[in-house]
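Coordinate analysis (summary)
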Amino acid sequence: LVWEFYHYRREVMGSKNPNPAHQAIAQCEQWMMKENKRVVVITQNIDELHTRAGTQNLVELHGNLFKTRCLKCGNIEVNRDSPICEALRGKGAPEPDSKGANIPRENLPRCKKPGCGGLLRPHVIWFGESLEERVLDAAFQELDDCDLCLVVGTSSIVYPAAMFAPQVAARGVPVAEFNLETTPATQQLGGHGFFFSGPCGSTIPQALKPF
């Protein structure tokens, strides 16, 4: 069932394109690089749309739908195979009357490293699992160094990411929040927070246009 769930979502996301907000952020990164400045995206999303938009400096807190991790050897690699294995072809659609395919374990995605063949899992963080220490350290380093923070389209209820913006604001750094509605973080930004209401696909391109 796990691989049916993620296979279907891989197939769906493989057909999607970055929206104007993804594209504007990637373009801003390119413009800022020409000024010898850095833009770093820290995302909770696992859909790879920032990468497809062209973002280069990316910290993926919760992993990536298009990466796998071997449960035997631990190898992590990009995998965009469609389907990821033949046994999953056409499986996983969330229909009310659908049943599990009961795919034999030996037919599920397997590690292709020579001599391994271990069972693969999606390289994403599941509820109850801890974020990778190196990924979290990278995120905190960028937050400690930044001189401007944009919070884009997040509910600010999933930790540890929910505390990022308030922590940045607490050291006097401007934080601009772009969202359809206020979040628990909005009132924690003090005099350093700015809120912009509306669809991020519209507000972000407009806000970054001057760059």
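Above: the structure in question.
Values in this document were obtained by computation on a predicted structure and should not be read as measured data.

Points about the overall build of the chain
Tallying secondary structure elements over the chain gives six helices and eight strands in all. Along its sequence from the N terminus, the chain presents helices and strands in the succession α-α-β-α-β-β-β-β-α-β-α-β-β-α. Counting only C-alpha atoms and orienting by the principal axes, one finds that the chain spans roughly 55 × 40 × 35 Å. The buried share among the 211 residues of the chain stands at 39%. Accessible area of the chain: about 12300 Å², with a carbon and sulfur share of 52%. Both charge centroids of the chain, one from 22 positive and one from 23 negative side chains, sit 6 Å from each other.

Let's talk about the packing of helix H2 (residues 20–34) against helix H6 (residues 200–208)
Here H2 crosses H6 at 20°, and the two axes come no closer than 7 Å. Regarding the angle of H2 to H6, the classification is roughly parallel. For the pair H2 and H6, the sense of crossing is left-handed. When H2 is examined against H6, the residues Pro20, Ala21, Ala24, Ile25, Cys28 and Trp31 are found in contact with a partner set consisting of Cys200, Gly201, Ile204, Pro205 and Leu208. The class makeup of the residues in the contact of H2 with H6 is ten nonpolar, one polar and no charged.

Some remarks on the state of the cysteines
According to the stated counting rule, one finds zero disulfides in the structure shown. Its sulfur unpaired, Cys149 is 5.4 Å from the next cysteine sulfur, which belongs to Cys146.

Notes on a nonpolar patch on the surface
On the surface, a cluster of nonpolar side chains totalling about 210 Å² of accessible area is made up of Leu148, Leu150 and Val152. Position of Leu148 relative to the elements: it lies in the loop between helix H4 (133–145) and strand S6 (149–152). With relative accessibility at 46%, the residue Leu148 sits in the partly exposed group.

A closer look at the layout of surface pockets
The calculated volume of the largest pocket comes to roughly 1400 Å³. What lines the largest pocket is a set of 44 residues, among which Val40, Val41, Ile42, Cys149 and Leu150 lie closest to the centre. Put simply, the parts of the chain that give the lining of the largest pocket at least two residues each are H2, strand S1 (41–43), helix H3 (49–53), H4, S6, helix H5 (164–170) and H6. Of all the elements, H2 adds the most residues to the lining of the largest pocket, at five residues. Residues belonging to the lining of the largest pocket are distributed by class as follows: 28 nonpolar, ten polar and six charged. Of the voids in this model, the second largest pocket is the one considered here, and its volume is about 380 Å³. Along the wall of the second largest pocket there are 14 residues; nearest its centre are Gln44, His62, Ile125, Phe127 and Val158. Taken together, the residues of the lining of the second largest pocket break down into ten nonpolar, three polar and one charged.

About the thresholds
- Residues numbered from 1 in each chain as written.
- Predicted model: local features only at pLDDT ≥ 70, side-chain atom pairs only at ≥ 80, totals over all residues.
- Heavy atoms only, no water.
- Helix = DSSP H or I, 4+ residues; strand = E, 2+ residues; numbered from the N terminus.
- Buried < 20%, exposed > 50% of the residue type's maximum accessible area, 1.4 Å probe, protein only.
- Areas by Shrake-Rupley, 256 points an atom, 1.4 Å probe, with all protein chains shown as cover.
- Lys, Arg positive; Asp, Glu negative; His and termini not counted.
- Charge placed at Lys NZ, Arg CZ, Asp CG, Glu CD.
- Axes fitted to C-alpha atoms, helices over the stretch in contact; angles between N-to-C directions.
- Parallel < 35°, antiparallel > 145°, perpendicular 65-115°, else oblique.
- Left-handed = near helix turned anticlockwise from the far one by under 90°.
- Contact = heavy atoms within 4.5 Å.
- Nonpolar A, V, L, I, M, F, W, Y, C, P; charged D, E, K, R; others polar.
- Disulfide = S-S within 2.5 Å.
- Patch = residues over 30% accessible without salt bridge, like charges linked within 9 Å, V, L, I, M, F, W, Y side chains within 5 Å.
- Salt bridge = Lys/Arg side-chain N within 4 Å of Asp/Glu carboxyl O.
- 1 Å grid on protein atoms, 1.4 Å probe; cavity = no way out; pocket = protein on both sides within 12 Å on 5 of 7 lines; lining within 4 Å.
- Points joined across faces, edges and corners; volume = space filled by probe spheres on them.

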